[in-house]
Amino acid sequence: MKLGRNDLCWCGSKRKYKACHMAFDEKINLIVHRNRGITAPMHDIIKTPEQIEGIRHAGEINSMVLDTVSEYVKEGVSTGKLNQVVEERTKELGGICAPLGYEGYTKSVCTSINEVVCHGIPDDNRLLKNGDIINIDCTTIVNGYYGDASRMYMIGEVSEEKRRLVEVTKQCLDEAVNIAKPWTTLGDFGYAINKRATENGYSVVREIGGHGVGLDFHEEPWVPHIGKPNTGMLLVPGMTFTIEPMINMGKPEVFCDAEDNWTIYTDDGKPSAQWEYTLLITETGNEILSR
Ligand code: MF3
Ligand code: CO
Ligand code: CO
């Protein structure tokens, strides 16, 4: 059903459509009609100012949990201990760990070491070793809103090639953040991520991507870390999603552990790195809601 000029806007502002999102919708329609490869964002993934406030707060708390766990990441500590730190700090800050119980996941954080691409399960018997690289991925729920971010850490003396992988993966994320703004597309920054990775001799994981986030853990859209410029979903103000490139030192193929059904490994056993932010598309660019 098409809204009339004088109907109330779909966004919940209680203003007339013509004074609120009408020009916005017309702009989207014009762009998608002129560009076959571009898809329009659905209205229900565009957050209200009140929702953005809640997601921003959850994102800040999530970053604070990561700050705390960062202090514990060193040689000899178990990933089980890191899980405990995440749980305690999250509780202290009034949040809930989103991973715990999510589709049967049994821990509160993901800890992915070396050739583990993502979804590594914390384990009291896995101690961090000199030379390991580890991704710690936290997602926190506060007042029903979600923030999701992950960081890489290098334990002791890490080989030059692993160090470079971690750094280039961060550059991939930073570059995406630098170009993600309204009226560009998911494909624009997916292209940039893949370009930066492949220029450095690395490959981008394709099976797993970023995702809308905020009112739920995983929402629309799916956010690929490869792409073609001027294709994919159009970015518009009010969208909140993660960018979380998984970059492999070797081949892009990955597989899932047949026993735990969670842990994702590189096929070739070579290391993988990942960094993740929760991002808001603003009127002029973007804001990092969790890092
Ligand atoms: N935090 C991950 C992401 O970035 C999802 C982990 S799902 C879990 O999307 F169940 F393993 F926690
Ligand atoms: Co995450
Ligand atoms: Co995520």
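On a predicted model such as this, the values are computed, not experimentally measured, just so you know.

Caption draft 1: Structural detail: the nonpolar core. The biggest cluster of nonpolar side chains holds 39 residues, and the ones touching the most others in it are F189, L235, M239, F241, I243 and I247. For this core, the elements supplying multiple residues, two or more each, are α1 (22–34), α4 (160–179), α5 (186–199), β11 (240–243) and β16 (277–281). Counting residues per element, this core draws most heavily on α4, which supplies 7 residues. Not counting residues within four places of it along the chain, the set of residues in contact with M239 comprises P41, I45, P221, M233, L234, L279, L280 and I281. Judged by nonpolar contacts, the second largest core, of 18 residues, contains L66, V73, V77 and L128.

Caption draft 2: Fine view of the pattern of salt bridges. Going through the model one piece at a time under the given rule, you end up with 9 salt bridges. One salt bridge connects R56 with E287, and the closest N-O pair in it is separated by 2.7 Å. In this pair, R56 sits in helix α2 (residues 49–70) while E287 sits in strand β17 (residues 286–290), placing the two residues 231 residues apart along the sequence. Overall, E287 belongs to the partly exposed group, its relative accessible area being 26%. Linking E92 and R89 is a salt bridge whose minimum nitrogen-to-oxygen distance equals 2.4 Å. Of this pair, E92 and R89 both sit in helix α3 (residues 79–92), 3 residues apart, roughly one helical turn. Residue classification places E92 among the exposed positions, given a relative accessible area of 60%. Among the ionic contacts, a cluster of salt bridges with common partners joins E53, R56 and E287.

Caption draft 3: View of the site of ligand 1. Around ligand 1, the surrounding shell holds 14 residues, and the nearest of these are D148, H211, H218, E244 and E276. One of the side-chain N or O atoms of D148 is found 3.1 Å from an oxygen atom in ligand 1. Between ligand 1 and E276, the relevant distance is 3.0 Å, taken from an oxygen atom to a side-chain nitrogen or oxygen of the residue. Within the complex, the protein chains bury 97% of what would otherwise be the 340 Å² of accessible surface of ligand 1. When its residues are assigned to classes, the shell around ligand 1 shows 6 nonpolar, 4 polar and 4 charged.

Caption draft 4: Fine view of the coordination of the cobalt ion (ligand 2). In this structure, D137 (OD), D137 (OD), D148 (OD) and E276 (OE) serve as the protein donors to the cobalt ion (ligand 2), at separations of 2.0 to 2.4 Å. For the cobalt ion (ligand 2), the 6 donor atoms are set out with angles of 58 to 165° between them, so the coordination reads as irregular. Along the chain, the residues that donate to the cobalt ion (ligand 2) are spaced as D-x10-D-x127-E. Between the cobalt ion (ligand 2) and the cobalt ion (ligand 3) the interatomic distance amounts to 3.3 Å, and D148 serves as a bridging ligand to the pair. Of this pair, D137 sits in strand β5 (residues 133–142) while E276 sits in the loop between β15 (272–274) and β16; the two residues are 139 residues apart in sequence, bridging distant segments of the chain. In terms of burial, D137 and E276 fall into one category: buried.

Caption draft 5: Spotlight on the coordination of the cobalt ion (ligand 3). Donor atoms from the polypeptide that coordinate the cobalt ion (ligand 3) comprise D148 (OD), H211 (NE2), E244 (OE) and E276 (OE), at 2.0 to 2.2 Å from the metal. Read from N- to C-terminus, the donor residues coordinating the cobalt ion (ligand 3) fall into the pattern D-x62-H-x32-E-x31-E.

Caption draft 6: Examining the side chain of T278 more closely. Inspection of the secondary structure assignment puts T278 in strand β16. One polar contact links the side chain of T278 to the main-chain carbonyl oxygen of D148, over a distance of 2.6 Å. Beyond its immediate chain neighbours, meaning those up to four positions away, T278 contacts G147, D148, V213, F241, T242, E287, I288, L289 and S290.

Caption draft 7: Layout of the sheet that holds strand β12 (residues 246–248). Taken in spatial order, the 3 strands of this open sheet run β7-β12-β15, and their pairing is antiparallel. Single-partner strands in this sheet number two, and they are β7 (203–204) and β15. Packed on one face of the sheet, α4 meets β12 and β15 and runs near 40° to β15.

Caption draft 8: Quick peek at unusual backbone geometry. In this model, E220 is joined to P221 through a cis peptide bond whose omega is 0°. You can see P221 is positioned in strand β9 (residues 219–223). Not every positive phi belongs to a glycine, and N143 is a case in point at roughly 50°. Residue placement: N143 occurs in the loop between β5 and β6 (145–154). A relative accessible area of 68% places N143 in the exposed class. One non-glycine residue with positive phi stands out, namely N230, at about 65°. Positionally, N230 belongs in the loop between β9 and β10 (232–233).

What counts, and where the lines are drawn
Residues numbered from 1 in each chain as written. Chains lettered and ligands numbered in written order. Predicted model: local features only at pLDDT ≥ 70, side-chain atom pairs only at ≥ 80, totals over all residues. Heavy atoms only, no water. Core = buried A, V, L, I, M, F, W, Y, C linked by side-chain atoms within 4.5 Å. Buried < 20%, exposed > 50% of the residue type's maximum accessible area, 1.4 Å probe, protein only. Helix = DSSP H or I, 4+ residues; strand = E, 2+ residues; numbered from the N terminus. Contact = heavy atoms within 4.5 Å. Salt bridge = Lys/Arg side-chain N within 4 Å of Asp/Glu carboxyl O. Near = heavy atom within 4 Å. Polar contact = N/O pair within 3.5 Å; in protein donor to acceptor, adjacent residues only side chain to side chain. Areas by Shrake-Rupley, 256 points an atom, 1.4 Å probe, with all protein chains shown as cover. Nonpolar A, V, L, I, M, F, W, Y, C, P; charged D, E, K, R; others polar. Donors = N, O, S within 2.8 Å, 3.2 Å for Na, K, Ca; no water. Tetrahedral: all angles 85-135°; square planar, octahedral: opposite > 155°, others 65-115°. Pairing = 2+ DSSP bridges. Axes fitted to C-alpha atoms, helices over the stretch in contact; angles between N-to-C directions.

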